[in-house]
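# Structure at a glance
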Amino acid sequence: AAKGLGQRIVVEFNPALHTRSQRWLELASRMPKALEQGEFRLVYQPRMNLADGRTAGFEALLRWQSADGNIGPAEFIPVAEDTGFIVELGRWALRQAIDQMARWDSQSMSVSQVAVNLSVRQLADASLPDFLRDCLAVHRLSANRIELEITETAAMENLDWALPRLVQFDEIGVALALDDFGTGYSSLAYLQALPCSTLKIDIAFVRRLGTPSGDALVRAILAMARSLDKVTVAEGVETSLQHDWLREHGCDQGQGYLFARPLEAGEVGAFLIDQPAPLPTPT
Ligand code: C2E
Ligand code: MG
Ligand code: MG
Ligand code: MG
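Structural notes, computed from the coordinates. As the structure is a computational prediction, the values presented were derived from the model and not from experiment.

Let us look at the environment of R121. Tracing the sequence through the fold places R121 in helix α4 (residues 120-123). A relative accessible area of 27% places R121 in the partly exposed class. Along the backbone, R121 and H249 are 128 residues apart, and their C-alpha atoms lie at a distance of 36 Å.

Okay, here's the thing in structure tokens:
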């Protein structure tokens with residue numbers, strides 16, 4: 001289905017779409033109550049520094065545990081985006097991540113940064129910067145402890161109004177990352193103009209490592225990121241082959257099942273304790 005702000009939505013009748021729309025309607029109508037009843041939660045996937053194997057931070061990912069089973073974000077996020085409920089759900093996630101960081105701080109656990117995903121619909125929300133500032137202020141949490149992830153496609157396709165919002169976030173002091181990088185059509189000029197410090201290389205590229213064209217693509221992305229002075233994070237690192245290649249080619253960080261699946265908030269402490277001691281600095 002067509003989506004996006006101000007775009008015309010054309011729906012033709014076809015049986016498959018009809019079934020999907022039943023499910024869509026079901027999810028759309030259940031979501032507000034599900035949030036109220038505590039069926040949503042965040043899990044946290046570590047992001048590792050490839051140079052020394054230490055934890056650089058975590059990405060917060062939404063989970064929906066409904067009475068009749070788990071519903072994945074790939075299914076419910078698009079529905080929430082279409083209905084506009086993502087504005088409320090996304091605020092809840094942002095506040096939840098910030099509250100959790102404060103809790104970790106109070107337990108003397110060193111979680112240096114948490115990244116939270118933002119939908120394009122949330123960028124249209126003019127009061128989000130104030131909301132964010134308030135959430136941080138409650139705990140006197142410094143803004144750079146939070147990173148906001150926006151997909152490259154969302155940022156680039158809506159640049160005229162997304163850019164001013166990203167600049168606002170940058171002024172608050174939160175870090176910004178371009179998610180699923182490489183799948184969109186960023187021009188170098190725009191990339192340089194964006195106030196984002198991090199590029200998250202899409203899993204599709206990481207999967208293609210080990211083939212000549214896959215290696216060449218990731219090499220090119222890394223070279224470009226370096227020239228623009230952006231931190232690089234590889235998404236979906238699953239094998240030690242990918243890990244070794246990325247580290248040797250200067251990718252800064254990795255995230256993926258090789259290191260850890262997304263963890264419950266209560267599992268993060270044990271994960272941090274188990275991590276390797278810092279490597280001796282090479283001389
Ligand atoms: P994303 O932001 O690109 O998140 C990365 C996704 O890759 C996550 O899927 C993560 O569980 C998955 N992943 C991590 N490591 C591996 C790996 O080694 N192999 C494979 N195959 N996958 C890996 P998840 O949690 O299902 O989330 C899917 C998408 O849903 C996210 O993609 C993001 O776009 C969206 N999403 C999740 N939580 C939120 C949220 O709070 N707000 C918004 N707006 N979107 C969210
Ligand atoms: Mg993300
Ligand atoms: Mg991603
Ligand atoms: Mg993705």
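Having seen the model, we can carry on.
Within the protein, the atoms that donate to the magnesium ion (ligand 3) are D179 (OD), D180 (OD), E235 (OE) and E235 (OE), at distances of 1.9 to 2.8 Å. For the magnesium ion (ligand 3), the donor residues sit on a single chain with the sequence spacing D-D-x54-E. The metal-metal distance between the magnesium ion (ligand 3) and the magnesium ion (ligand 2) is 3.9 Å, with D179 serving as a donor to both. Highlighted residues: D179 in strand β6 (residues 175-181) and E235 in the loop between β8 (231-234) and α11 (240-248), separated in sequence by 56 residues. The class of E235 is buried, set by a relative accessible area of 12%.

Near ligand 1 lie 22 residues; those nearest to it are R63, S119, D179, E238 and Y257. The side chain of Q45 places a nitrogen or oxygen atom 3.1 Å from a nitrogen atom of ligand 1. One of the side-chain N or O atoms of D179 is found 2.9 Å from an oxygen atom in ligand 1. Taken by itself ligand 1 offers 800 Å² of open surface, and the protein chains cover 82% of this. Listed by contribution, the elements that provide at least two residues to the shell around ligand 1 are β2 (55-66), α2 (73-83), β6 and α9 (203-207). Broken down by element, the shell around ligand 1 gets its largest block of residues, four residues, from β2. By residue class, the composition of the shell around ligand 1 is nine nonpolar, five polar and eight charged.

The subject of this paragraph is the packing of aromatic side chains. Throughout the structure, instances matching the rule amount to six aromatic pairs. Ring centres of F40 and F76 lie 5.4 Å apart, and the angle between their planes is 70°; on these two criteria the pair is classed as edge-to-face. Linking F40 in strand β1 (residues 40-49) with F76 in helix α2, this pair joins segments that are 36 residues apart in sequence. Note on accessibility: F40 and F76 belong to one class, buried. Where W64 meets F76, the ring centres are 5.8 Å apart and the plane angle is 80°; that geometry is what we call edge-to-face.

What counts and what doesn't
Residues numbered from 1 in each chain as written. Chains lettered and ligands numbered in written order. Predicted model: local features only at pLDDT ≥ 70, side-chain atom pairs only at ≥ 80, totals over all residues. Heavy atoms only, no water. Helix = DSSP H or I, 4+ residues; strand = E, 2+ residues; numbered from the N terminus. Buried < 20%, exposed > 50% of the residue type's maximum accessible area, 1.4 Å probe, protein only. Donors = N, O, S within 2.8 Å, 3.2 Å for Na, K, Ca; no water. Near = heavy atom within 4 Å. Polar contact = N/O pair within 3.5 Å; in protein donor to acceptor, adjacent residues only side chain to side chain. Areas by Shrake-Rupley, 256 points an atom, 1.4 Å probe, with all protein chains shown as cover. Nonpolar A, V, L, I, M, F, W, Y, C, P; charged D, E, K, R; others polar. Phe/Tyr/Trp six-rings, centres within 6.5 Å; stacked < 30°, edge-to-face > 60°.

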